[in-house]
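Residues per chain, in single letters:
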Amino acid sequence: MLKFLKSIRILLWVLVLVGVGCLVGWQVMAKLRQAEANLRSLETETEVTYPVETEIIKTSNWETWRSYYGQAKSAHTQNITTYEREIVKSVNVDIGSAVKAGQTLITLQVADRSARVQAGKTSYDEAKLNYNRLKQLNAKGGISQSEVDSAYAAMKSAEASLKSSQSTLQRTSLKASINGIVSVRNVEPGEVAEAGAVLLSIVDPKEMEAELMVSKKDIAKINKSTPVEIYVDGVKHIGWVKRISPEAQTGSGLYPVVVGLPENSGILPGTYVEGRFQVARQNNVVVIPSNVVIYRGNSQAVYIADGSRAKHVEITTGEGREGRVIVTSGLKPGDKLITSGNRVLFDGVSITQNVGLANNNSQDSNEG
């Protein structure tokens, strides 16, 4: 019995000790949990949150333009020349004069030409009389047919010479074949006009074009449907491709491309112009501001908003121009690109954001 009571007493003490240990353990764990909560609260209170601005990325179209240069000229011109060396009798127009088709511009001396026409007419009349006489004799059997044939050939030769002299006489009045304005005058009355030399030039300012010199890398990308913009003193005109030379210009290696200019554009012949060709177009690409890209060595990266945290994302880029750049990998539509405040961020940092919408209508306008 005593042993039993002693065992009960020992058991009770063990239970008491266990209870006291559990109570002490629970209190210790409670203290630890409270300390951890206090620590988390302190961390939350002391964590720095960075304000940023974001854009929601959307895809857009990207156009690549190249600039090339040349001069404007009239699509219709006429150079006034003479077929023979002759003295100029009169010049009826000056530089800047408006002329119409059929108008006489220059008159040449006619004295020598008139004499040649008269001599040619006399020779033709004599050859014709001789042919008719021999033809009658041949009909009577007085001469052979070969003599008649020779007379006929002589008559036709005299006739051709007469017509040539008459044509030359008519060309003493040099006339305009187009409506336009005189742009060049190289002769004065009394001077000798050399055969083939340009005496006057006429241009039609109503239909203008520009010849632009394009490099080898872009000539294959240009055709008659290629969009073209022409700039003169900052003013844009819409042009169109008229002709493309398949051969490069000797010495330069550049290919002439003739571009039509709109009527009444006010562009004068000889004006230097800038022509911009759309040489490529990419649809549904991601384009971002180039100033948000962070360069570290050979790597490129940006920050995006992942909930309330900043996320570091490595990207690869393509063409860029005028503050925009194509992203070929790393970003997708719907990502929230951090566009402001990104220079002080690091991966996982807390952020507050003002959300905008990315406007990615972009062009690449490199000069050729």
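Below is a short write-up of the structure. In this text, all values refer to a predicted model and were calculated from it rather than measured experimentally. (Residues numbered from 1 in each chain as written. Predicted model: local features only at pLDDT ≥ 70, side-chain atom pairs only at ≥ 80, totals over all residues. Heavy atoms only, no water.)

### Focus on the overall build of the chain
Then comes step 1: Each helix and strand in the chain was counted, giving four helices and 22 strands.
Then comes step 2: Looking at the chain as a whole, 34% of its 368 residues qualify as buried.
Then comes step 3: Residue pairs in contact within the chain that sit at least 24 positions apart in sequence constitute 75% of those at least 6 positions apart.
Then comes step 4: If you sum the accessible surface of the chain, you get close to 22000 Å²; carbon and sulfur atoms cover 53% of it. (Helix = DSSP H or I, 4+ residues; strand = E, 2+ residues; numbered from the N terminus. Buried < 20%, exposed > 50% of the residue type's maximum accessible area, 1.4 Å probe, protein only. Contact = heavy atoms within 4.5 Å. Areas by Shrake-Rupley, 256 points an atom, 1.4 Å probe, with all protein chains shown as cover.)

### Some remarks on the nonpolar core
Then comes step 1: Formed by 20 residues in total, the largest nonpolar core has its most connected members in Ile230, Val273 and Phe277.
Then comes step 2: Secondary-structure elements contributing two or more residues to this core are strand 2 (59-74), strand 11 (208-214), strand 12 (228-232), strand 14 (255-260) and strand 15 (272-289).
Then comes step 3: Considering each element in turn, this core owes the most residues, four residues, to strand 11. (Core = buried A, V, L, I, M, F, W, Y, C linked by side-chain atoms within 4.5 Å.)

### Observations concerning the packing of aromatic side chains
Then comes step 1: Tallied over the entire structure, the rule returns one aromatic pair.
Then comes step 2: Where tyrosine 68 meets phenylalanine 277, the ring centres are 6.4 Å apart and the plane angle is 55°; that geometry is what we call tilted. Taken together, the residues span a long stretch of sequence, with tyrosine 68 in strand 2 and phenylalanine 277 in strand 15 at a distance of 209 residues. As far as the burial class goes, tyrosine 68 and phenylalanine 277 line up, both buried. (Phe/Tyr/Trp six-rings, centres within 6.5 Å; stacked < 30°, edge-to-face > 60°.)

### Focus: the sheet that holds strand 8 (residues 180-185)
Then comes step 1: Reading across the sheet, the four strands line up as 3-10-8-5 and stay open at both edges, with antiparallel pairing between neighbours. A strand with exactly one partner marks an edge of an open sheet, and here the two such strands are strand 3 (77-80) and strand 5 (98-99). (Pairing = 2+ DSSP bridges.)

### Regarding the environment of valine 273
Then comes step 1: Looking at where valine 273 falls in the secondary structure, it is placed in strand 15.
Then comes step 2: Its relative accessible area of 3% is what places valine 273 among the buried residues.
Then comes step 3: Once the C-alpha coordinates of valine 273 and valine 232 are considered, the two residues, 41 residues apart in sequence, prove to be 5.4 Å apart.
Then comes step 4: Beyond its immediate chain neighbours, meaning those up to four positions away, valine 273 contacts Tyr68, Tyr69, Gly70, Ala72, Ala210, Leu212, Ile230, Tyr231, Val232 and Ile267.

### Describing the sheet that holds strand 6 (residues 104-108)
Pairing between the strands of a sheet is mediated by backbone hydrogen bonds and can be parallel or antiparallel.
Then comes step 1: The strand order 7-6-4-9 describes an open sheet built from four strands, whose pairing is antiparallel. Of all strands in the sheet, those bounded by a partner on one side alone are strand 7 (173-175) and strand 9 (192-193).
Then comes step 2: Bridge analysis of strand 4 (residues 86-91) against strand 9 gives two bridges, and the strand direction is antiparallel. Looking at the pairing, isoleucine 87 lines up with valine 192 of strand 9.

### Quick look at the pattern of salt bridges
Then comes step 1: Applying the stated criterion across every chain yields a total of 14 salt bridges.
Then comes step 2: Close ionic contact of arginine 185 with glutamate 188 constitutes a salt bridge, the shortest N to O distance being 2.7 Å.
Then comes step 3: The salt bridge involving glutamate 207 is made with lysine 242; its shortest N-O contact spans 3.8 Å. Highlighted residues: glutamate 207 in the loop between strand 10 (200-203) and strand 11 and lysine 242 in strand 13 (residues 235-244), separated in sequence by 35 residues.
Then comes step 4: Its relative accessible area of 36% is what places glutamate 207 among the partly exposed residues.
Then comes step 5: A cluster of three or more residues bridged by salt bridges with shared partners is formed by Lys73, Glu207, Glu209, Glu211, Lys242 and Arg243. (Salt bridge = Lys/Arg side-chain N within 4 Å of Asp/Glu carboxyl O.)

### Looking at the environment of glycine 190
Then comes step 1: Along the polypeptide, glycine 190 turns up in the loop between strand 8 and strand 9.
Then comes step 2: With relative accessibility at 53%, the residue glycine 190 sits in the exposed group.
Then comes step 3: Separated by 102 residues in the primary sequence, glycine 190 and valine 88 place their C-alpha atoms 5.2 Å from one another.
Then comes step 4: Ignoring anything within four residues of it in the chain, the contact list for glycine 190 reads Ile87 and Val88.

### Comments concerning unusual backbone geometry
Then comes step 1: Positive phi outside glycine occurs at asparagine 264, with the angle close to 60°.
Then comes step 2: Considering the arrangement of structural elements, one finds asparagine 264 in the loop between strand 14 and strand 15.
Then comes step 3: In this structure, glutamate 322 takes a positive phi of about 55° despite not being glycine.
Then comes step 4: Within the secondary structure, glutamate 322 sits in the loop between strand 18 (309-321) and strand 19 (324-329).

Nothing here speaks to function; it is geometry throughout.
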